[in-house]
Amino acid sequence: MVAVIKTGRSIHRIFNYNENKVKEGVARCIGQGNYPVEATRLSAGMRLNRLLKRAALNPNVKRNSVHISLNFDPSEKLSDEDMNSIAHTYMKGIGFDKQPYLVYRHEDAGHPHLHICSVNIRADGRRIDMNNIGRNQSEQARKTIEVEFGLVVAERQKKKDYTLEPVNVEKASYGKRTTKAAIQTVLQYVLDRYRYASLPELNAVLNLYNVAAERGGEDSVMYRHNGLQFCLLDDKGNRIGVPLKASLFYNKPTLKNLQDRFGKNKPKKFPHKLKLKNTLDKALVNTDIVSLESLGQALETKGIHLRLRQSTEGKLYGVTFVDHRTQCVFNGSELGKDYSAKALELRLGPGAIAVPNQPGHSARQQEEGLQPQPTAAETKVIANPPATAQPKEEPTMLDTLLQVENVADYLPYHLRKHKKKKKKR
């Protein structure tokens, strides 16, 4: 079992998130704690008012909402009664057994999980300290529940085969669910779990689940106003459906908020850089790896996804590594010159970039806000001149005599001192 605790400033937000899931038919309210009657017998407004009245006992506390998710292994088949019992045991373990809370069972992902909505204000108006609650009380409660209910131990999950999906969340599929619900599920799972320091790095993870973040072209109104939107992709990386503004989603993944995450995530990635480099070095010395296709297949078994960035002509200009073991995203050049796109292309030899199933060029331009790359006809290769090119002529004696002489005491115009004009009296 994996437990995730989040605190926020809006009780309405966490409550409406779960209630909207209920309206969509992908969640059910299965239990409650410290309510006068069963939650199923109360209207949505009555369930919400119970939480709001408790929070109103101490208006000085700004972050008064508590949103908890308990995630279970896909192999575990738990009934509503089992989930309710687990939720009550967990809340008691973290010291929230006297708090009002609601339990929702969600069925919108590839693994069973539940959400708990509560507040951190006691009946006497005092605030419950949330510092290190995830590392201390939650961790102990999780281990106790795993033993008591016979659940899969979370530590053992780290040893699982990485050829499976990197996280237990379904790929977004157009038409299967509403666009917003499909994108929200992916965002909720990816944003807080992976360490990325730029929008292209975030897209390297989101694209694995058929979702892309777009800024638009540099000349678009959305780009100039720092806007951001999310859209669904098909299996070929092409955009489908109607894109949605970032501000419409529950966790507000706007460009401004994401940029704050970029700055915080950057130093967190560095301790895991050496582990990724060692894995790459071991893979590259393998004589069976002769192309980026075979390199990508070898890395997949180690929990690393290789993502290439190519132009329409198939020219490789960038490479990104998504390490699902450490949940960090690195550009090749960020690891060092030996791991850049050009270095890997030279190291693996001709035909190295023949890797299938890469997202389309149009999707790449949208995700990075880039303009289309110039075609081969628009660029000239200077390094290999045509055989018919004329050799450069040597300067004649006349050219030597007529060339401008370099004067040692020459001083640029903007550095010269100008005499100040005397004021007339």
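Every value quoted in this text rests on a predicted model; they were computed, and no experiment measured them. (Residues numbered from 1 in each chain as written. Predicted model: local features only at pLDDT ≥ 70, side-chain atom pairs only at ≥ 80, totals over all residues. Heavy atoms only, no water.)

Novice: Just give me the short version of unusual backbone geometry, but keep the residues and values in it.
Specialist: Phi is positive for Asn 226, close to 55°, though the residue is something other than glycine. Residue position: Asn 226 is located in the loop between α7 (221-224) and β7 (229-233). Its identity as a non-glycine residue notwithstanding, Gln 327 has a phi of 60°, on the positive side. If you trace the backbone, Gln 327 turns up in the loop between β10 (316-323) and β11 (328-331). (Helix = DSSP H or I, 4+ residues; strand = E, 2+ residues; numbered from the N terminus.)

Novice: Any details on the nonpolar core? Residues and values, ideally.
Specialist: Val 190, Tyr 196, Leu 202, Leu 206, Leu 228, Phe 230 and Leu 258 are the most contacted members of the largest nonpolar core, which has 28 residues in total. Counting only elements with at least two residues in this core, the list comes to α5 (179-190), α6 (199-206), β6 (211-214), β7 and α8 (255-269). Discounting residues that sit within four places of it in the chain, Leu 258 has contacts with Leu 191, Tyr 196, Leu 199, Leu 202, Leu 228 and Pro 253. Core analysis: the second largest hydrophobic core is formed by 24 residues, Met 1, Ile 86, Phe 96 and Tyr 101 among them. (Core = buried A, V, L, I, M, F, W, Y, C linked by side-chain atoms within 4.5 Å. Buried < 20%, exposed > 50% of the residue type's maximum accessible area, 1.4 Å probe, protein only. Contact = heavy atoms within 4.5 Å.)

Novice: Describe helix α12 (residues 341-348), naming the residues involved and giving the relevant values.
Specialist: Within α12 the residues assigned to the buried category are Ala 341, Leu 344 and Leu 348. Buried residues of α12, seen end-on, are gathered within an arc of 65° and therefore sit on one face of the element. Facing away from the buried surface of α12 by more than 90 degrees, the exposed residues are Lys 342 and Leu 346. For α12, the secondary structure elements touched by its buried residues are α9 (273-284), α10 (292-300) and β10. (Arc of directions from axis to C-beta.)

Novice: Can you lay out the sheet that holds β11 for me, pointing to particular residues and giving the numbers?
Specialist: Strand order in this open sheet of 3 strands is β9-β10-β11, and the pairing throughout is antiparallel. A strand with exactly one partner marks an edge of an open sheet, and here the two such strands are β9 (304-310) and β11. Going across the sheet, the axis of each strand differs from the next one's by a mean of 20°, ignoring polarity. Strand direction decides the pairing type here: β10 and β11, joined by 4 bridges, are antiparallel. Each bridged residue has a counterpart across the sheet, and for Thr 320 the counterpart in β11 is Asn 331. Strands in contact with α9 are β9, β10 and β11; relative to β10, the strand with the most contacts, it is inclined by about 115°. Contacts between α10 and the sheet are confined to β9 and β10, with β9 contributing the most and set at about 150° to the helix. (Pairing = 2+ DSSP bridges. Axes fitted to C-alpha atoms, helices over the stretch in contact; angles between N-to-C directions.)

Novice: Any chance you could break down the sheet that holds strand β2 (residues 27-33) for me, citing the residues and the numbers?
Specialist: Read across the open sheet, the 5 strands follow the order β1-β3-β5-β4-β2; overall the sheet is antiparallel. Here the strands that pair on one side only, and so sit at the sheet edges, are β1 (2-8) and β2. The sheet shows a mean angle of 20° between the axes of neighbouring strands, taken without regard to direction. Looking at chain direction, β2 and strand β4 (residues 101-106) are connected through 6 bridges and run antiparallel. Counterpart to Arg 28 in the pairing with β4 is Arg 105. Along the sheet, helix α3 (residues 80-93) contacts β1, β2, β3 (65-71), β4 and β5 (113-119); its crossing angle with β2, the most-contacted strand, is approximately 45°.

It is worth stressing that arrangement in space is one thing and function is another; only the former is reported here.
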